[in-house]
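# Residue-level structural notes
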Amino acid sequence: MEILLWLVPPAVVTAVAMVWVSWLGREGRGEVDREVAVRRMGAAIERGQRPTYAAPARREDRSTGVAVRPSRRAS
C-alpha cells in the first residue's frame, strides 16, 4: 500500500485545481436578466424566420414497398 503514496500529491493538486477552476467559473457566466431574455425571445418569435441551411433539402424517395435491384449495365 505504501507504494501508492506517490499518487497522493497529484491527486491533491488535481482536486485543488478543480476547486479553483469551479470557484473562478461560478461568476461571470454571462447570465442575462430575465426581462432582457423575454424581450429577445419575443423579438425572435415575431421575426418568424426559419433557419436556412447550406445544403439543399433532400427529396425523400416515395417507397412503393417493392424491393428492386439496380439493373446492371452490359459491358
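Residues numbered from 1 in each chain as written. Predicted model: local features only at pLDDT ≥ 70, side-chain atom pairs only at ≥ 80, totals over all residues. Heavy atoms only, no water.

### Notes on the overall build of the protein chain
A count of helical and extended segments in the protein chain gives two helices and zero strands. Taking 11 Å as the expected radius of gyration for a compact globule of 75 residues, we find that the protein chain reaches 29 Å, considerably beyond that expectation. For the protein chain, the spread of C-alpha atoms along the principal axes amounts to about 75 × 50 × 25 Å. The 75 residues of the protein chain split such that 0% are buried. (Helix = DSSP H or I, 4+ residues; strand = E, 2+ residues; numbered from the N terminus. Rg over C-alpha atoms; globule rule 2.2 N^0.38 Å. Buried < 20%, exposed > 50% of the residue type's maximum accessible area, 1.4 Å probe, protein only.)

### Here's the deal with the environment of Q49
Mapped onto the fold, Q49 is located in the segment after helix 2 (34-47). Judged by its relative accessible area of 65%, Q49 is exposed. The spatial distance from the C-alpha of Q49 to the C-alpha of V32 is 23 Å, given a sequence separation of 17 residues.

### A look at helix 2
If you check helix 2, its first and last C-alpha atoms are 20 Å apart, about what 14 residues at 1.5 Å a residue would give, namely 20 Å. Taken across its 14 residues, helix 2 has zero buried, putting it largely on the surface. G48 sits one or two positions beyond helix 2 and adopts a positive phi of about 65 degrees. (Expected span 1.5 Å × (residues − 1).)

### What about the UniProt feature "transmembrane region" (unreviewed entry) in the protein chain?
UniProt records the feature "transmembrane region" (unreviewed entry) for residues 6-25 in the present numbering. Taken end to end, residues 6-25 comprises 90% helix and 0% strand; its first and last C-alpha atoms sit 30 Å apart. (UniProt positions renumbered as here; feature names shortened; annotations may be inferred.)

### A word on a nonpolar patch on the surface
A contiguous nonpolar surface patch, about 640 Å² in accessible area, is contributed by M1, I3, L4, W6 and L7. With respect to the helices and strands, the residue L4 is situated in the segment before helix 1 (8-25). Its relative accessible area of 43% is what places L4 among the partly exposed residues. (Patch = residues over 30% accessible without salt bridge, like charges linked within 9 Å, V, L, I, M, F, W, Y side chains within 5 Å. Areas by Shrake-Rupley, 256 points an atom, 1.4 Å probe, with all protein chains shown as cover. Salt bridge = Lys/Arg side-chain N within 4 Å of Asp/Glu carboxyl O.)

### Some points on the environment of V16
Residue placement: V16 occurs in helix 1. What makes V16 exposed here is its relative accessible area of 53%. Separated by 55 residues in sequence, V16 and S71 have C-alpha atoms that sit 67 Å apart.

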